[in-house]
Amino acid sequence: MLFKPRTDEMLYVLTQVVHAERRLQELPAHAEVDAELMAQLMDEAGKFVASVIAPLNRIGDETGARWSDGAVTMPPGFRDAYQAFWQAGWPALAAAPEDGGQGLPAVLEAMLFEMLSAANHAWTMAPDLLHGAYDCLKAHGTQELKDRYLDKLASGEWLPTMCLTEPHAGSDLGLVSTRAVAQTDGSYRISGSKIFISSGEHDLSDNIVHLVLARLPDAPPGPKGLSLFLVPKFLPDGARSAVHCERIEEKMGLHGSATCVMRFEAATGWLIGESGRGLNAMFVMMNSARLHVALQGIGLLEAAWQKADEYSRERRQMRAPGRKAAQARSNAAVASAADLIGEHPAMRRILDSQRAWIDAGRVIAYRTALELDIAKQHPSSERREAAQRWCSLSTPILKAIFTQQAFYGGSECLQVFGGHGYVRESGIEQHVRDARVTMIYEGSNEIQAIDLLLRKVLPDGAFAFNGWLAELGAELDPAVPAQARLLSRLTSLREHTQRLLQAAAQDDTLAYWLAEDFLHAVGLTLVDWAWTQIERSSEAAEPRWRAPAQAVQRWIMPELDMRLAIIDAAVAPS
Ligand SMILES: Cc1cc2nc3c(=O)[nH]c(=O)nc-3n(C[C@H](O)[C@H](O)[C@H](O)COP(=O)(O)OP(=O)(O)OC[C@H]3O[C@@H](n4cnc5c(N)ncnc54)[C@H](O)[C@@H]3O)c2cc1C
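Residues numbered from 1 in each chain as written. Predicted model: local features only at pLDDT ≥ 70, side-chain atom pairs only at ≥ 80, totals over all residues.

What to know about the overall build of the chain
Right, so step 1: What the chain contains, in helices and strands, is 21 helices and 9 strands.
Right, so step 2: Relative to the 2.2 N^0.38 estimate, which gives 25 Å for 574 residues, the radius of gyration of the chain is 24 Å and therefore close to what a compact globule would have.
Right, so step 3: Projected onto its principal axes, the C-alpha coordinates of the chain cover approximately 85 × 60 × 50 Å.
Right, so step 4: In the chain, which comprises 574 residues, the share counted as buried stands at 51%.
Right, so step 5: In the chain, once contacts between residues fewer than 6 apart in sequence are set aside, the share between residues at least 24 apart is 75%. (Helix = DSSP H or I, 4+ residues; strand = E, 2+ residues; numbered from the N terminus. Rg over C-alpha atoms; globule rule 2.2 N^0.38 Å. Buried ≥ 20, exposed ≤ 12 C-beta atoms within 10 Å, placed from the backbone. Contact = placed C-beta atoms within 7 Å.)

Spelled out as structure tokens, the structure:
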């Protein structure tokens, strides 16, 4: 069964739940983007993804990327699909018109990448860095660099990489030791080794633009000494630069993506942004990359759920409890009067719960993508600041909870197949293998939890965080029971944060022990908020939305109490 984007469901969330049209109308650049245009674009995107990208998922996994003598050959069909993708203008969707882009809102690009990741995570790894590299160069590049590279990244004609990780420098980028030496002509020579570089070498595009973190000779140790450089595979005069792919990794999944060990041998590059401010420039890229990794999680879970849902409507085993024998018999054309797998409560619970996670993920991710546009373009500085706060707080949560759910929820979907899920034929085991890495890269989920609690909540005494919680509760009506319940959860979260703040002031390590519980507590509250938004929308009473809405409260939200109880126990004086 091939993945097929369900664009009607995605569009329902976009237009009826997060009210994209109304929010975009506040932005002069997007005031014309109406529901009809969004639907047309997403339908076209859905057709492309279903017909060109999804059919390559299996062959990508089975054939994998191949290394030979420094060159990487991508799986059959990958290059043609990529060429068709960029020539059709898809990477340029959200790039600015002056750079050759279509100037559309980031949320449409987000939805496109959710579909692509669901259809073929490995293929999507290469173009998924385009928007981040484009933003980074646009914000920090010199005019000369922009003239040479910006339109190529905007169009997707050339693909970028993000070269951060080194053998001894993973989560701790302050340990990066790749060197850069200035030349008299204004360029630099970059030397060092990078590992785990996604799409470091491939045959998808005719040039590759590496963004490389390195250290100048007089730089101080640690993260403040890092600078960012652009190193192309082919130099402007057409010569091959001194960047080599030494090998590619054998991995648990994602076989169709080349994960490369790269050697820079005095390779020519140019500085992006100020020297010593490389991490700052890179963060432009990493924040949007993190939202896109969350979308990978949501997409992968959707792909696994689609398979499990279809299987649960075909496979029959035993009688489901509570069903009358006569009804069961009339359902069964086969000799046995067994019921469908999807009618058994244990399986129904899995399917409804994963459905609920996917829908919540879309609400939070699409809203965050809209806030990204608002943060850049809203005429009111107050509104821009609120949007910035939204993105800064929601991004680590989205990244961590939806990548975790892609793996664990995907594994639950595999369970629906029984043994048929463990064998390759069903294709669902690939989703589980592919999804695992999303919890690790782009800042591991532990790093996201630390980012949220120790960098964004504690330093200002939870001032911004409490402001955000107030925003989440602003439109709720205490007279509606579900909304009153959410209001009380928001209050409880605020109180727990306050207690954690006080306890952390007495104990330097406490916040590190509790960061993951805190992130999940906030994430679960956000899931409840997302479902409250769905329940306020026009079709909420229809059966499609009722079952997952029930699953949220019965099977998902009890974890919130557990996370808060862990925080309580740890902050209580012993
Ligand atoms: C398939 C794949 C693709 C990748 N693509 C890229 C790419 O394109 N570009 C790139 O630069 N890198 C890439 N990476 C590297 C990835 O970003 C790193 O693997 C990741 O940052 C973690 O670093 P590490 O593997 O060295 O683990 P380590 O940093 O050694 O961490 C090991 C474990 O300790 C935990 N840990 C580390 N520090 C802390 C801390 N302070 N507090 C709590 N826990 C901590 C981590 O969460 C992790 O669970 C890729 C990796 C993979 C597997």
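Points about the environment of Q553
Right, so step 1: Within the element layout of this structure, Q553 appears in helix α20 (residues 543-556).
Right, so step 2: The exposure class of Q553 is partly exposed, given the 14 C-beta atoms found within 10 Å.
Right, so step 3: Taking the C-alpha atoms as reference, Q553 lies 8.1 Å from D528; in sequence the two are 25 residues apart.

A look at the domain arrangement of the chain
Right, so step 1: Domain annotation for the chain reports domain 1 (7-140), domain 2 (157-277) and domain 3 (457-574).
Right, so step 2: For domain 1 and domain 2, the distance between their C-alpha centres works out to 25 Å.
Right, so step 3: Domain 1 puts 27 residues into the contact, and the matching count from domain 2 is 25 residues.
Right, so step 4: Every element with two or more residues in the side of domain 1 that touches domain 2 is listed here: α4 (57-63), β2 (71-73), α5 (78-87), α7 (121-124) and α8 (130-140).
Right, so step 5: In terms of residue count, α8 provides more of the side of domain 1 that touches domain 2 than any other element does, 5 residues in total.
Right, so step 6: Among the residues making up the side of domain 1 that touches domain 2, the classes are represented as 19 nonpolar, 6 polar and 2 charged. (Domains from an automatic or database assignment. Nonpolar A, V, L, I, M, F, W, Y, C, P; charged D, E, K, R; others polar.)

Focus: the environment of L230
Right, so step 1: Positionally, L230 belongs in strand β7 (residues 226-232).
Right, so step 2: Its 24 C-beta neighbours within 10 Å are what place L230 among the buried residues.
Right, so step 3: Between the C-alpha atoms of L230 and A462, which are 232 residues apart in sequence, the distance is 37 Å.
Right, so step 4: L230 has contacts with L145, Y149, V209, L211, G269, W270 and I272, leaving out every residue within four places of it along the chain.

Side note on the site of the ligand
Right, so step 1: With respect to spatial proximity, 19 residues lie near the ligand, and among them L164, G170, S171, S198 and S444 are the closest.
Right, so step 2: Looking at the shell around the ligand, the elements that each hand over two or more residues are β3 (159-163), β5 (188-198) and α16 (445-457).
Right, so step 3: Among the residues forming the shell around the ligand, the class breakdown is 11 nonpolar, 6 polar and 2 charged. (Near = placed C-beta within 6 Å.)

Digging into unusual backbone geometry
Right, so step 1: Of note, the phi angle at D69 is positive, near 55°, even though the residue is not glycine.
Right, so step 2: With respect to the element layout, D69 can be found in the loop between β1 (66-68) and β2.
Right, so step 3: According to the C-beta neighbour criterion, D69 is exposed, with 5 such atoms within 10 Å.
Right, so step 4: The backbone of F196 sits at a positive phi, close to 60°, despite the residue not being glycine.
Right, so step 5: By secondary structure assignment, the location of F196 is in strand β5.
Right, so step 6: On the basis of neighbour counts, which here come to 20 C-beta atoms within 10 Å, the residue F196 falls in the buried class.

So, the packing of helix α6 (residues 106-119) against helix α12 (residues 345-377)
Right, so step 1: Viewed as axis vectors pointing N to C, α6 and α12 meet at an angle of 145°, and their least axial separation amounts to 8 Å. Viewed along their axes, α6 and α12 form a crossing whose handedness is right-handed. Within the contact between the two elements, α6 uses A106, V107 and A110 and α12 uses A365, Y366, A369, L370, L372 and D373.
Right, so step 2: Of the residues that constitute the contact of α6 with α12, the class distribution is 8 nonpolar, no polar and 1 charged. (Axes fitted to C-alpha atoms, helices over the stretch in contact; angles between N-to-C directions. Left-handed = near helix turned anticlockwise from the far one by under 90°.)

Notes on the packing of helix α13 (residues 381-416) against helix α19 (residues 510-535)
Right, so step 1: Viewed as axis vectors pointing N to C, α13 and α19 meet at an angle of 90°, and their least axial separation amounts to 10 Å. As judged from the angle between their axes, α13 and α19 are roughly perpendicular. Across the interface between the two elements, P396, I397, A400 and I401 from α13 touch L519, H520, V522, G523 and L526 from α19.
Right, so step 2: Of the residues that constitute the contact of α13 with α19, the class distribution is 7 nonpolar, 2 polar and no charged. (Parallel < 35°, antiparallel > 145°, perpendicular 65-115°, else oblique.)

A look at the pairing of β3
Right, so step 1: Most of β3 sits out of view: 5 of its 5 residues are buried.
Right, so step 2: Residue alternation in β3 divides its side chains into two sets, L159, T161 and C163 and P160 and M162, and both sets are buried.
Right, so step 3: Pairing geometry for β3 and strand β6 (residues 208-215), over 5 bridges, is parallel. Along β6, the bridge assignment pairs L159 with I208. (Pairing = 2+ DSSP bridges.)

Let's talk about helix α21 (residues 558-571)
Right, so step 1: Spanning 14 residues, α21 covers 20 Å between terminal C-alpha atoms, matching the ideal 20 Å at 1.5 Å per step.
Right, so step 2: Among the residues of α21, L560, R563, L564 and I567 are the ones counted as buried. The buried residues of α21 occupy an angular sector of 95° when the element is viewed end-on, so they sit on one face. Facing away from the buried surface of α21 by more than 90 degrees, the exposed residues are P558, M562, A565 and A569. (Expected span 1.5 Å × (residues − 1). Arc of directions from axis to C-beta.)

Description of α8
Right, so step 1: The element α8 is largely enclosed, with a buried count of 9 among its 11 residues.
Right, so step 2: If you check which residues of α8 are buried, you get L130, H131, G132, A133, Y134, D135, C136, L137 and H140.
Right, so step 3: Close packing links the buried residues of α8 with α6, α9 (143-155), β3, β6, β9 (259-272) and α10 (278-312).

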